[in-house]
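Residue-level structure breakdown
Residues per chain are reported as follows:
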Amino acid sequence: MNFPHTFSLRTPRILFAVAVLSPIAALAQPSGGPYGPIAQTYSVPSDARHVFYVSSEGKETATGATVDEPTTIDAAMARVVTGDAIIMRGGVYRTGGLVLNQGITIQPYRDEKPVLKGTKIAKDWTPLRDGVWRAHWDTLFPSKPLGWWRRDREGMRTPLHRFNNDMVFVDGVPFRSVGWEGELDASSYYIDYDAGYVYIRVDPTDRLVEITAWNSALVCTPKEVHGRKADHKGPAIRGITFTQYAYRALEIEGKRGSVPADVEPTDDPVGLADPSTFGKEVVGTILENDTITHCSRVAGYFRGDHLVIRNCLISDTSTEGIYVIASSDCLLERNIFARNNVEKLTGYFPAALKVFNQTRRVTVRDNLVIDQPDSNGVWFDVGNHDGVFVDNWVEGAQTGLFFEISRGLVCAGNVFVNCKNGMRIHNSAGARIYNNTFVNAQPFIDRDTRSAVGDHFKWHPTTGPDVDEREGHVFEGNLIVADPDVAGPLLRFWQHPALCGRLTKPQVAAFDANVYVRAGGGS
């Protein structure tokens, strides 16, 4: 996929201006793709120890040794060992709750299209009055906001039923939740959790109605499962689609393991920790050419060093698209991140990609982050070190790149378009910002009094620079452009008034060779 057709005609002229005004910037910018999954024909890995063929219509008792005698994906997961390969025939697999602790390959058979779905088809509907239909459903996923969510501030903006993890699709279209039967319209659903009923206001006759039945597709664990001890190697998953899962599709566990949806999943580790003590439980996970869509919370939680996510599509998620937690030496490149926070949750700090909790050297390179009106783009938060954010295109997000409570960042060669803030460096140190283009996307560098004393998130500030260490940024060689109707300064620095007599040293150590353009009327 190349750049989306929604880019304005102004964009090529701006990139030409970068080349003219800054020859260095012309050497570093988004590549133009291809982004997202690349169609290809897969060969069976020549180095696979054993190969298991699976099909959506496979038999559990089949060996799966040949393509003509496929087993089920569930059965294959229970049999594989390190170095094996699972080859998936095309089709829809309605399954979930798979658990794995071996480093294996999962990929399609040749150019076929396997799709794992976390829903089942709802067929038994009873008509009620006023065009309402009802079906009993056994697999429901009630939940609640995490403990740090502030109902006194956000309860009037986000109804509590939005935090439940169920989803309903009619002919592939996701419906939105409402609070009772009287709110139903032709594109919404209501769930009575006490009685176990799902309600819609559209005639389900001759329609495909799907309701979530699993809250994960695959969880990779360092624990013993299927009678085998873990090898602590992550899987290589290529060319697979995961969709319609309650909570998340994929999870790579750390020391603590998976937690319920209403328990904070990122508290692993808790507090400032030595990086040699985390990220080692499941290492080397690879995702390539995968599609993960329509998950009621996140596409996946990923923990473990040497993670690679390349040429994947992550879209139509809620609180986050991808969550990278407490991991080092990771690479995310040429992915598409689109439409996070589709439920419009408030007070939840959404991001299409969140890099969180003391990561080291996570590189986010040449990705396409688009269509994020209710979400941030990429957010490094809580004690991250030496992040790299280069050559990405970020458009239509609240904040394109957010770097918070962290040390060391290279932000270079990116294009930010039509974001409230193209970039925000907040309560951090040592961000080097070179040769970026900001179009209607104000860069913002700031610091405030937040510390570990009395903080709402308790230990989070202890992992980053203290109040008097939030400095040392470099801002050079950037192009900042705004239309005449974009209010406010092109670039903003700010610190809390309480710090003005205490911190007199600028937040930036170097600040030069930037170009500022305010487009005139009619240009």
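Placed above this text is the structure.
Residues numbered from 1 in each chain as written. Predicted model: local features only at pLDDT ≥ 70, side-chain atom pairs only at ≥ 80, totals over all residues. Heavy atoms only, no water.

Now for a nonpolar patch on the surface. A contiguous nonpolar patch, built from Phe493, Phe511 and Tyr516 and spanning about 280 Å² of accessible area, is present on the exposed surface. Considering the arrangement of structural elements, one finds Phe493 in strand S43 (residues 492-495). (Patch = residues over 30% accessible without salt bridge, like charges linked within 9 Å, V, L, I, M, F, W, Y side chains within 5 Å. Areas by Shrake-Rupley, 256 points an atom, 1.4 Å probe, with all protein chains shown as cover. Salt bridge = Lys/Arg side-chain N within 4 Å of Asp/Glu carboxyl O. Helix = DSSP H or I, 4+ residues; strand = E, 2+ residues; numbered from the N terminus.)

What follows deals with the layout of surface pockets. In this structure, the second largest pocket occupies an estimated 460 Å³ of space. Around the second largest pocket sit 23 residues that line it, and Pro174, Phe175, Arg176, Val342 and Glu343 are the ones nearest its centre. (1 Å grid on protein atoms, 1.4 Å probe; cavity = no way out; pocket = protein on both sides within 12 Å on 5 of 7 lines; lining within 4 Å. Points joined across faces, edges and corners; volume = space filled by probe spheres on them.)

If you trace the backbone, Ala429 turns up in strand S38 (residues 429-434). According to the relative accessible area criterion, Ala429 is buried, its value standing at 9%. Distance in space between the C-alpha atoms of Ala429 and Ile405 is 8.1 Å, their sequence separation being 24 residues. With sequence-adjacent residues up to four places away left out, Ala429 is seen in contact with Phe403, Ser406, Arg407, Gly408, Pro465, Glu469, Arg470, Glu471 and His473. (Buried < 20%, exposed > 50% of the residue type's maximum accessible area, 1.4 Å probe, protein only. Contact = heavy atoms within 4.5 Å.)

Here the focus is the state of the cysteines. Under the definition given, this model contains zero disulfides. Residue Cys419 stays outside any disulfide, its sulfur separated by 12 Å from that of Cys411, the closest cysteine. Given the relative accessible area of 4%, Cys419 is considered buried. (Disulfide = S-S within 2.5 Å.)

What follows covers the sheet that holds strand S7 (residues 119-121). Within the open sheet, the four strands sit side by side as S7-S15-S10-S11. Their pairing is antiparallel. Two strands lie at the open edges of the sheet, namely S7 and strand S11 (173-174), each paired on one side alone. (Pairing = 2+ DSSP bridges.)

Here the focus is unusual backbone geometry. With an omega dihedral of 10°, the bond running from Gly33 to Pro34 counts as a cis peptide bond. Of note, Pro34 is situated in the loop between helix H2 (23-26) and strand S1 (51-54). The omega angle of the peptide bond from Asp268 to Pro269 is 10°, so this bond is cis rather than trans. Following the sequence through the fold, Pro269 ends up in the loop between strand S19 (248-252) and strand S20 (286-288). Positive phi is not limited to glycine here, since Asn418 has a value of about 55°. Tracing the chain through its elements places Asn418 in the loop between strand S36 (415-417) and strand S37 (421-426). Residue Ala513 is not a glycine yet carries a positive backbone phi of 60°.

To continue, consider the nonpolar core. By size, the foremost hydrophobic cluster in this structure holds 71 residues, and its most contacted members are Ile86, Phe242 and Ile322. The contact partners of Ile322, leaving out residues within four places of it in the chain, are Ala299, Gly300, Phe302, Ile309, Ile314, Leu332, Phe337, Ala352, Leu353 and Lys354. In terms of nonpolar packing, the next biggest core, distinct from the first, is built from 16 residues, Ala135, Ile191, Val198 and Ile200 among them. (Core = buried A, V, L, I, M, F, W, Y, C linked by side-chain atoms within 4.5 Å.)

Right, let's talk about the side chain of Asn101 for a bit. With respect to the helices and strands, the residue Asn101 is situated in the loop between strand S4 (98-100) and strand S5 (105-108). A polar contact of 2.9 Å, which involves the side chain of Asn101, links it to the backbone oxygen of Lys223. Within polar-contact distance, the side chain of Asn101 engages the backbone oxygen of Arg228 at 2.8 Å. (Polar contact = N/O pair within 3.5 Å; in protein donor to acceptor, adjacent residues only side chain to side chain.)

Attention now goes to the sheet that holds strand S8 (residues 126-127). Read from one edge of the open sheet, five strands run S8-S9-S14-S13-S12, paired in mixed fashion. Two strands lie at the open edges of the sheet, namely S8 and strand S12 (176-177), each paired on one side alone. Taken together, the four bridges between strand S9 (residues 133-136) and strand S14 (residues 197-200) define a ladder with antiparallel strand orientation. Pairing of Arg134 across the sheet is with Tyr199, part of S14.

A few words now on the pattern of salt bridges. Summed over all chains, the structure comprises 25 salt bridges. A salt bridge links Arg450 to Asp455; its shortest N-O distance comes to 2.6 Å. For the residue pair Arg450 and Asp455, the accessibility class agrees, reading buried in each case. Each of the salt bridges in this network shares a partner with another, and the network as a whole consists of Arg238, Glu288, Arg310, Glu333, Arg334 and Arg365.

In this section: the environment of Val168. Looking at the element boundaries, Val168 is found in strand S10 (residues 168-170). Its relative accessible area of 0% is what places Val168 among the buried residues. The sequence separation of Val168 and Arg424 amounts to 256 residues, and the corresponding C-alpha distance is 36 Å. The contacts of Val168, once residues within four sequence positions are left out, are Val173, Pro174, Phe175, Tyr189, Val198, Ile200, Val209, Glu210 and Ile211.

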